Amino acid sequence: HAKLSGKNRFSGFVPEMTLAAQRRVRIERDLRKAMERNELEVFYQPQFDCRSETIVGFEALARWPHAEQGYIAPSDFIPVAEECGLIGELGLWVLRRACADTAAWSKATGKALGLAVNVSARQLRERAFVDQVGQILRDTGLPAAQLELELTESFLMGDVEAALAFMRALREMGVKLSIDDFGTGYSSLSYLQSFPIDRLKIDRSFVQLLPEDGFTMTSAIISLAHGFDLSVVAEGVEAPSQLSWLQGAGCDYVQGYLMARPMPASAVRDLLLAQTASRQVPEPA
Ligand code: C2E
Ligand code: MG
Ligand code: MG
Ligand code: MG
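Fair warning: this is a prediction, and the values are worked out from it, not measured in the lab.

Cut-offs applied
Residues numbered from 1 in each chain as written. Chains lettered and ligands numbered in written order. Predicted model: local features only at pLDDT ≥ 70, side-chain atom pairs only at ≥ 80, totals over all residues. Heavy atoms only, no water. Donors = N, O, S within 2.8 Å, 3.2 Å for Na, K, Ca; no water. Helix = DSSP H or I, 4+ residues; strand = E, 2+ residues; numbered from the N terminus. Buried < 20%, exposed > 50% of the residue type's maximum accessible area, 1.4 Å probe, protein only. pLDDT = per-residue confidence, 0-100. Core = buried A, V, L, I, M, F, W, Y, C linked by side-chain atoms within 4.5 Å. Contact = heavy atoms within 4.5 Å. Salt bridge = Lys/Arg side-chain N within 4 Å of Asp/Glu carboxyl O. Axes fitted to C-alpha atoms, helices over the stretch in contact; angles between N-to-C directions. Parallel < 35°, antiparallel > 145°, perpendicular 65-115°, else oblique. Left-handed = near helix turned anticlockwise from the far one by under 90°. Nonpolar A, V, L, I, M, F, W, Y, C, P; charged D, E, K, R; others polar. Near = heavy atom within 4 Å. Polar contact = N/O pair within 3.5 Å; in protein donor to acceptor, adjacent residues only side chain to side chain. Areas by Shrake-Rupley, 256 points an atom, 1.4 Å probe, with all protein chains shown as cover.

*Asks:* Would you explain the coordination of the magnesium ion (ligand 3) in this entry?
*Replies:* Geometry reference: four tetrahedral donors at a metal, ideal angle 109.5 degrees. Six octahedral donors, ideal angles 90 or 180 degrees. Summarising the metal site, the magnesium ion (ligand 3) is bound by the protein donors Asp180 (OD), Asp181 (OD), Glu235 (OE) and Glu235 (OE), whose distances to it range over 1.9 to 2.8 Å. All donors of the magnesium ion (ligand 3) come from a single chain, and their spacing in sequence reads D-D-x53-E.

Take a look at the structure:
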């Protein structure tokens, strides 16, 4: 082992995989701890009616405040949670928290606010998932019609029969289903015909090219959605020119930094209260 303890060991050469693996192990360990200590948070990004520009609901997005690293991005910990089997528990935690918050806001404002929650393909392999969703809706008092689960195309590509059964069960409960990041996956368009879907979410990568570029894809998705009687949400709207293009193209809903960034529950409360309060002020004659 002379070579290992020699010069090479300290030459700074560490295989990339080893670093990535180490980081992953560290994230997994810290994530387990954070979940035990109930340290995860849910942020909410408002979704707007494209025409009236009023808030119709929120997308719940998991956040992990880390003691040393600030907020760790979902793109760093969701894949780890999926691989190490923590995603089931994490997903149900997010769902419960978000349903409870949305039920409270709906009650306070008298508006049936929508709630969209991301679901990993992995979670749908767990047989108990449908029952757990039902239990959470009963516990929190959120009407099923206000909940939308965001699925990915990768979920639809797996076991088609299992996916169908799963989707029908949720649909029967009254829950809505949408396809997230639509247009980025590899699945066949024919699934739009066979799966019980309510909504498509146009991926940010197309929306961000608007209005100079990307309009062929975006308008194709909008007419595809409407042709199948689905509603359509554009995500990642950052510029006023993108919003007005989408309004002109008949998009139904929008979500993006231009209107609002994801925010903690406390900020949502303030936002909704401000909206409600301003509406109660009579219009000047
Ligand atoms: P997503 O579901 O497609 O969520 C939209 C992402 O785009 C969010 O990133 C949001 O913060 C970001 N975003 C929204 N508007 C804009 C914009 O105008 N510009 C830009 N540049 N970004 C915008 P976030 O919160 O980092 O989440 C990343 C992904 O992590 C999500 O993508 C989703 O796939 C996953 N994720 C987040 N929370 C959960 C969760 O609770 N469960 C599961 N399974 N996945 C989650
Ligand atoms: Mg999403
Ligand atoms: Mg998305
Ligand atoms: Mg995404």
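Additional details are given in the paragraphs that follow.
*Asks:* In this structure, what is going on with the coordination of the magnesium ion (ligand 2)? I would like to understand it.
*Replies:* At this site the magnesium ion (ligand 2) is bound by Glu59 (OE), Asn118 (OD1), Glu150 (OE) and Asp180 (OD), with donor distances of 1.9 to 2.2 Å. All donors of the magnesium ion (ligand 2) come from a single chain, and their spacing in sequence reads E-x58-N-x31-E-x29-D. For the pair the magnesium ion (ligand 2) and the magnesium ion (ligand 3), the metal-to-metal distance amounts to 4.0 Å, and Asp180 bridges them. Here Asn118, found in strand 4 (residues 114–118), pairs with Asp180, found in strand 6 (residues 176–182); they are 62 residues apart in sequence, far enough to count as distant. What makes Asn118 partly exposed here is its relative accessible area of 30%.

*Asks:* Can you help me understand the confidence of the model for the protein in this one?
*Replies:* Any residue range with low pLDDT should be treated as having predicted coordinates unsuitable for detailed reading. When pLDDT is averaged across the protein, the result is 89; 91% of the residues are at 70 or more. Our summary of model confidence lists the complex with pTM equal to 0.91 and ipTM equal to 0.98.

*Asks:* What should I look at first to understand the nonpolar core in this one?
*Replies:* Soluble globular proteins: nonpolar side chains tend toward being buried together. One finds Leu90, Leu147 and Leu149 to be the most contacted residues of the largest nonpolar core, which totals 80 residues. Here this core gets 9 residues from one element, more than from any other, and that element is helix 4 (residues 87–109). Excluding anything up to four places from it in sequence, Leu147 contacts Leu95, Cys99, Leu115, Val117, Val133, Leu137, Leu142, Val175 and Lys176.

*Asks:* Sorry, what's going on with the pattern of salt bridges here?
*Replies:* When their charged atoms lie close together, side chains carrying opposite charge are able to pair. Following the criterion strictly, the structure yields 12 salt bridges and no others. For Glu28, the salt bridge is made with Arg32, and the minimal N-O distance between the two is 3.1 Å. Note that Glu28 and Arg32 are positioned in helix 2 (residues 16–36) at a spacing of 4 residues, about one turn of the helix. Overall, Glu28 belongs to the partly exposed group, its relative accessible area being 25%. Residue classification places Arg32 among the partly exposed residues on the basis of a relative accessible area of 34%.

*Asks:* Help me understand the packing of helix 4 against helix 5 (residues 129–140), please; the structure alone is not making it clear to me.
*Replies:* For any two helices packed against each other, the geometry comes down to the angle between their axes and how far apart the axes lie. Close contact between helix 4 and helix 5 brings their axes to 9 Å; oriented N to C, the two are set at 30 degrees. On the basis of their axis angle, the class for helix 4 and helix 5 is roughly parallel. The way helix 4 lies across helix 5 gives a crossing that is right-handed. Contacts between helix 4 and helix 5 pair Leu92, Leu95, Arg96, Cys99, Ala100 and Ala103 from the former with Phe129, Gln132, Val133, Ile136, Leu137, Asp139 and Thr140 from the latter. Of the residues belonging to the contact of helix 4 with helix 5, the class tally is 9 nonpolar, 2 polar and 2 charged.

*Asks:* Before we go on, may I ask you to explain the site of ligand 1 in this structure?
*Replies:* The environment of ligand 1 is made up of 22 residues, and the closest members are Asn118, Asp180, Arg204, Glu238 and Tyr257. Between ligand 1 and the protein, one listed contact pairs an oxygen atom with a side-chain N or O atom of Glu59 at 3.0 Å. Across the complex, the protein chains shield 84% of the 810 Å² of accessible surface that ligand 1 would expose by itself. Looking at the shell around ligand 1 element by element, the count peaks at 4 residues for strand 2 (residues 55–66). A class-by-class count of the residues in the shell around ligand 1 yields 8 nonpolar, 6 polar and 8 charged.

*Asks:* Can you walk me through the side chain of Thr140 in this structure?
*Replies:* Inspection of the secondary structure assignment puts Thr140 in helix 5. Using a relative accessible area of 18% as the deciding quantity, one classes Thr140 as buried. Only 2.8 Å separates the side chain of Thr140 from the backbone oxygen of Ile136, close enough to count as a polar contact. Sequence-distant contacts of Thr140, defined by excluding residues within four places in its chain, comprise Arg96, Cys99, Ala100 and Ala103.

*Asks:* Can you help me understand the environment of Gly110 in this one?
*Replies:* Along the chain, Gly110 turns up in the loop between helix 4 and strand 4. For Gly110, a relative accessible area of 66% corresponds to the exposed category. The spacing of Gly110 and Thr276 is 166 residues in sequence and 9.5 Å in space, taken between C-alpha atoms.

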